[in-house]
Structures are given as C-alpha cells and as structure tokens.
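Reading the structure
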Amino acid sequence: MQKLSIRGGTPLSGEVRVAGAKNAALPILAASLLTAAPVRVRNVPQLNDVRTMVRLLERMGVKVEASPHEVALDARMVAEPFAPYDLVKTMRASILTLGPLLTRFGEARVSLPGGCAIGERPVDLHIKGLTAMGADIAIEAGYIHATCRRLKGARIFMDTVTVTGTENLMMAACLAQGTTVLENAAREPEVADLARCLVSMGARIRGVGSDVITVEGVEALFGVDHAVMPDRIEAGTFLAAAAATRGSVTLLDAPVASLDAVIEKLREAGATVETEGERVHLEMKGRPRSVSIRTAPHPGFPTDMQAQFIAMNTVAHGIALVTETIFENRFMHVQELRRLGAHIDIEGNTAVVHGVQALAGATVMATDLRASASLIIAGLVAEGETVIERIYHLDRGYERIEERLAGLGARIERVS
C-alpha cells in the first residue's frame, strides 16, 4: 500500500498550474451520452474518478479515445443503458449517467452510488425530478431502474440545493418535450461549465448561475469540443497550504472568479492575495490569524475547502469556529489532526479550533478526499515526519499532488 511521507517546516514557494476540475469533467463526460455525434473534452484531469467514468462509458458501448488531459467520445452505439455496481460503488458521480441515458434511450438502470463516506447524500431528488418529468422509476436490488417514452418538461422544486441533482435534471431536460424549470437549483461554477458545454451542443438553457434554471427541450444535440474549467478546490487547497506554511505561491490558469469566498478568508487570515487575469499570487508573512468559516452552497464558502481551512487554523493565532452545514459526517479528519498535536473540539456541527504554536509529525490515516488534503497541509507545517496512509483518496481528486507540491519546495514523496 502506498503512503505519503512529508517532512514539514519548509514554506511553499514558486508557481503551479491548476488542473481541470474533476467536478466539472465528470458531468461533462456523462453528457456525451446525450448525442450520437463525436464529443471531445479537453483539460481533463488525470484522476481515478475520471478513469472510472471513462470505463463506465466504455462498458455501455461508448467508443473512447483517451490521451493525457483529453478524451474523445462517440456514443452512437450505446449497447446497454446500464451502470453496474462494480464501477459505481467507488464514485458517486456515476449517478450522472441516469438523466442522459433515460432522456436519450428511454431506459436506464444505474446502481445506487458510493463515494466518500462523508454523510448522507441521497438521490431522492434526482428520482423525484425525473418522476415529475414522466419517468417510471423503481428501486430493484440496489439499482435505479427508470423507463419512459419521452420525458416531458415540468416545474421541479428541489427541497435542498443539490449539485448532481441539478446537473442530472438539466441534462435530462435537454431532450425532453417542452420546457423544464428547475427551482432552488445549484449555482456552483461546475454546473455553469456543464451548461456551457450543453449550450455548445445545441441545448437551450437560461438562468445558469441563478437558483432558477430553465431548459427548453430540443430534438437532438450535436457534437462539441469543450475545455473543462480549472479546479477551484485544487486552487484553494494550494492557497491554503501556502498560507499555512507562510509561503509565497502563484497559481497559473486559476479560476479566479470562482475563488472569491476562499480568497476573502485568506486575506482575513493575514495573507496578501493579488489576482490578475488567470493568475493568483498569495504571500503570507508570519503566522496566520484564525478565521471562522461556515460552509454553504455557492457562492458561500465551499464545503470542499472546510478541512483545508481547519488544517490552516490548527497553527494559526487565536480560536476559529468552523461550522459544517452541508454534510453531517465531515469532521472525520479532526481525530487524525489531533494525532499531530492539533487542539480541536467538536460541538455538534461546529469544530472549535484552538491554534497551537506547532504540530508534530506522526502517522495518520486519510478518511476521504478532502481530509487527505487537510492532512497534507498539516504535514507540511509539522515538525518531523508525517506519514499519511490510505492515500488512494487523493488520487480521486488531486492530480500528482505530491510532485506538484515538491515543485514548490515541499519535502514530500510517495512511498510503499
């Protein structure tokens, strides 16, 4: 089993290019099922979740040609609208094939999804929305089995904001008969990137970026050549690591417009952050100040950055309150940070982080994707060696992160 070995105490310094966004690439790859024409997706990150989605599409009969950071797809000859458990169990985003399969082929059988164990993320809103559009849906032996003649437009109100639910229903509505209105829709930049891709394929979508998205169905979609947006969570992770290590880092190809909430909090922590075009430069002189955060759907503070900010707060001056409002089981990294000497108390859905002068290296275990990133940040500032086990989570969301951090001066390597 592979591990990461980190020797902390070195400020990060230099330039790093931000990779394509996993959370945009996965729904865009699934959107290839909506058309019989060729689809080319560029700036695709090289991650395990992306490889899983490609294997899933190939399993259905999609012809795939993949090269580094680019995937060409041809879904003319989909043999079976079926997403099996063995591929779906490791990646929740597999549910994104449900809407495209159902709306184009009139049938879909998709295993109930897996993914990180960070709390309940039910698919009932996906099912509720597709049912409102005329689908017949049953749960059979762990699979969602959906059928329809042709989906019909409907007004759908989602009880809670759901990114994958918004994406699934938006894709399904593209080929539905009539107009679909999605109320309380997700406003995340990745939803907007998927919408841009769909519009380039001939979809008629309005209201993206607001909480009401309107989709007018069309008879068919065309092929597309689309570049995936940069990953705002990866960008935020590098910035948080630079701030925690008191470093000076410049991000290239950064999604600047999507980083407002993160940059605001980093400035509150005492960092100097400058943006120009697609570049972000951060410099932290001295110990960070503690910053309290409360996660919220976009444009609020992203839940996927909560763990990284807790890691930064562990060595900051003062006390921070970190409140998690999206997932109820997303403080599993706290116990591992305590092993490094962090002083953190959990009170309901709030972590009370008392900043300490220094952390000390130890062996810790990653429990999910973003927890892995928080442990790396903690390891970068800890005295001595930190060993992170179960790093397969990292390969689901960060492309060669140890090599890129090493390029910024970090003493980090992958070991067996």
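In the block above lies the structure referred to throughout.
Residues numbered from 1 in each chain as written. Predicted model: local features only at pLDDT ≥ 70, side-chain atom pairs only at ≥ 80, totals over all residues. Heavy atoms only, no water.

**Things to note about unusual backbone geometry**
Inclusion rule: Secondary structure is summarised from DSSP: a helix means a run of H or I of at least four residues, a strand means a run of E of at least two, and numbering begins at the N terminus for each. Each residue gets one of three labels from its accessible area relative to the maximum for its type: buried under 20%, exposed over 50%, partly exposed in between, using a 1.4 Å probe on protein chains only.
Looking along the chain, the bond that leaves His 298 and enters Pro 299 is cis, with omega of 15 degrees. With respect to the helices, strands and loops of the structure, Pro 299 is situated in the loop between strand E18 (293-294) and helix H10 (306-314). Residue Arg 400 is not a glycine yet carries a positive backbone phi of 45 degrees. Along the chain, the position of Arg 400 falls in the loop between strand E23 (385-389) and helix H13 (401-406). Given a relative accessible area of 37%, Arg 400 falls into the partly exposed group.

**Thoughts on the packing of helix H8 (residues 232-244) against helix H12 (residues 369-381)**
Condition: Note on geometry: axes are lines fitted to C-alpha atoms, helical ones only across the stretch in contact, with angles between N-to-C directions running from 0 to 180 degrees. Orientation categories follow fixed angle ranges, with anything under 35 degrees roughly parallel, anything over 145 roughly antiparallel, 65 to 115 roughly perpendicular, and all other angles oblique. In this scheme the crossing of two helices becomes right-handed for a clockwise turn of the near helix relative to the far one and left-handed for an anticlockwise turn of less than a right angle. Should any heavy atoms of two residues lie within 4.5 Å, those residues are counted as being in contact. Three classes are used: nonpolar for Ala, Val, Leu, Ile, Met, Phe, Trp, Tyr, Cys and Pro, charged for Asp, Glu, Lys and Arg, and polar for all others, with Gly counted as polar.
For the pair H8 and H12, interaxial distance at closest approach is 9 Å and the crossing angle is 20 degrees. Judged by the angle between their axes, H8 and H12 are roughly parallel. Considering the relative orientation of H8 and H12, their crossing is right-handed. Along its contact with H8, which presents Ile 233, Thr 237, Ala 240, Ala 241 and Ala 244, the element H12 presents Arg 370, Ala 373, Ile 377, Leu 380 and Val 381. The residue inventory of the contact of H8 with H12, partitioned by class, reads eight nonpolar, one polar and one charged.

**Some thoughts on the packing of helix H6 (residues 163-174) against helix H7 (residues 189-200)**
One can describe the packing of H6 onto H7 by two numbers: an axis separation of 10 Å at closest approach and a directional angle of 15 degrees. Classified by the interaxial angle, the pair formed by H6 and H7 is roughly parallel. The two elements H6 and H7 meet at a crossing, and its hand is right-handed. Judged by residue contacts, Val 163, Thr 166, Glu 167, Met 170, Met 171 and Cys 174 of H6 engage Glu 190, Val 191, Leu 194, Ala 195 and Leu 198 from H7. Looking at side-chain class alone, the contact of H6 with H7 contains eight nonpolar, one polar and two charged residues.

**Here we look at empty space enclosed by the protein**
Condition: Only protein atoms enter the 1 Å grid used here, on which a cavity is any set of points holding a 1.4 Å probe that cannot leave and a pocket is any open set flanked by protein within 12 Å on both sides along at least five of seven lines; residues with an atom within 4 Å of a point are listed as lining. Grid points are joined across faces, edges and corners, and a volume is the space filled by probe spheres set on the points.
Here the structure, examined in full by the defined rule, presents one cavity of 30 Å³ or more. If you list the elements that add at least two residues to the lining of the largest cavity, you get H8, H12 and H13. The class makeup of the residues in the lining of the largest cavity is eight nonpolar, one polar and no charged.

**A short note on the sheet that holds strand E17 (residues 279-283)**
As a reminder, the rule being used: For two strands to pair, DSSP has to find at least two bridges joining them.
Here four strands make up an open sheet; going across it, the order is E2-E15-E17-E16 and the pairing mixed. Whereas interior strands pair on both sides, the edge strands pair on one side only; in this sheet they are strand E2 (13-17) and strand E16 (272-276). Sheet twist, expressed as the average angle between the axes of neighbouring strands with direction ignored, equals 15 degrees. Across the sheet, helix H9 (residues 260-268) is in contact with E16 and E17; its angle to E16 comes to roughly 145 degrees.

**Considerations on the state of the cysteines**
Note the threshold: Cysteine sulfur atoms that come within 2.5 Å of each other are treated as a disulfide pair.
Scanning the model with the defined rule gives zero disulfides in all. Free cysteine: Cys 197, not disulfide-bonded; nearest cysteine sulfur from Cys 174 at 9.7 Å. Judged by relative accessible area, which is 1%, Cys 197 ranks as buried.

**Examining the side chain of Ser 290**
As a reminder, the rule being used: Pairs of N or O atoms are called polar contacts if they sit within 3.5 Å, as long as, within protein, a hydrogen donor faces a hydrogen acceptor (for residues adjacent in sequence, only side-chain-to-side-chain pairs).
Its location among the elements puts Ser 290 in the loop between E17 and E18. Among the polar contacts listed, one links the side chain of Ser 290 to the backbone oxygen of Gly 318, at a separation of 3.0 Å. If sequence neighbours within four positions are ignored, Ser 290 has contacts with Asn 313, Ala 316, His 317, Gly 318, Ile 319 and Ala 320.

**Topic: the pattern of salt bridges**
Filter applied, for reference: Every case where a carboxyl oxygen of Asp or Glu lies within 4 Å of a side-chain nitrogen of Lys or Arg is listed as a salt bridge.
The final tally for this structure, using the stated rule, is 23 salt bridges. For Lys 3, the salt bridge identified is with Glu 389, shortest N-O distance 3.4 Å. Residue Lys 3 is found in strand E1 (residues 3-7), and its partner Glu 389 is found in strand E23; the two are separated by 386 residues along the sequence. Residue Lys 3 is classed as partly exposed on the basis of its relative accessible area, which comes to 27%. The class for Glu 389 is partly exposed, based on a relative accessible area of 25%. Across the salt bridge formed by Arg 155 and Glu 183, the nearest N and O atoms sit 2.4 Å from each other. Within this pair, whereas Arg 155 is found in strand E10 (residues 155-157), its partner Glu 183 is found in strand E11 (residues 179-183), the two being separated by 28 residues in sequence. Within the structure, one salt-bridge network assembled from shared partners comprises Lys 22, Asp 49 and Arg 396.

**Description of the environment of Met 60**
Within the element layout of this structure, Met 60 appears in helix H2 (residues 48-60). On the basis of relative accessibility, which here comes to 0%, the residue Met 60 falls in the buried class. The spatial distance from the C-alpha of Met 60 to the C-alpha of Gly 129 is 24 Å, given a sequence separation of 69 residues. Excluding its chain neighbours within four sequence positions, the residues that come into contact with Met 60 are Leu 33, Met 77, Val 78, Ala 79, Glu 80, Phe 82, Ala 83, Thr 97 and Leu 101.

**Remarks on the sheet that holds strand E9 (residues 143-147)**
The sheet built from four strands is open, its strands ordered E6-E7-E9-E8 with mixed pairing. The sheet is open, and its two borders are formed by strand E6 (82-83) and strand E8 (136-140), each paired with just one other strand.

**A closer look at the packing of aromatic side chains**
Selection rule: Ring pairs shown here join Phe, Tyr and Trp side chains whose ring centres sit within 6.5 Å, with only the six-membered ring taken for Trp; geometry is labelled stacked below 30 degrees between planes, edge-to-face above 60, and tilted in between. Sitting over a ring, as applied to charges here, requires NZ of Lys or CZ of Arg to be within 6 Å of the ring centre and within 35 degrees of the ring normal.
Within this structure, the stated rule accounts for two aromatic pairs. Taking 5.5 Å as the distance between ring centres and 25 degrees as the angle between the ring planes, the aromatic pair formed by Phe 82 and Tyr 143 counts as stacked. Pair noted here: Phe 82 is in strand E6 and Tyr 143 is in strand E9, with a separation of 61 residues, a long-range link. A residue is classified by how much of its surface remains accessible, and Tyr 143, at 14% relative accessible area, is buried. Ring plane angle 85 degrees and centroid distance 5.0 Å describe the contact between Phe 301 and Phe 309, whose orientation is recorded as edge-to-face. In this structure, Phe 301 and Phe 309 share a single accessibility class: buried. The residue whose ring lies beneath Arg 109 is Tyr 143, and the NZ or CZ to ring-centre distance is 5.1 Å.

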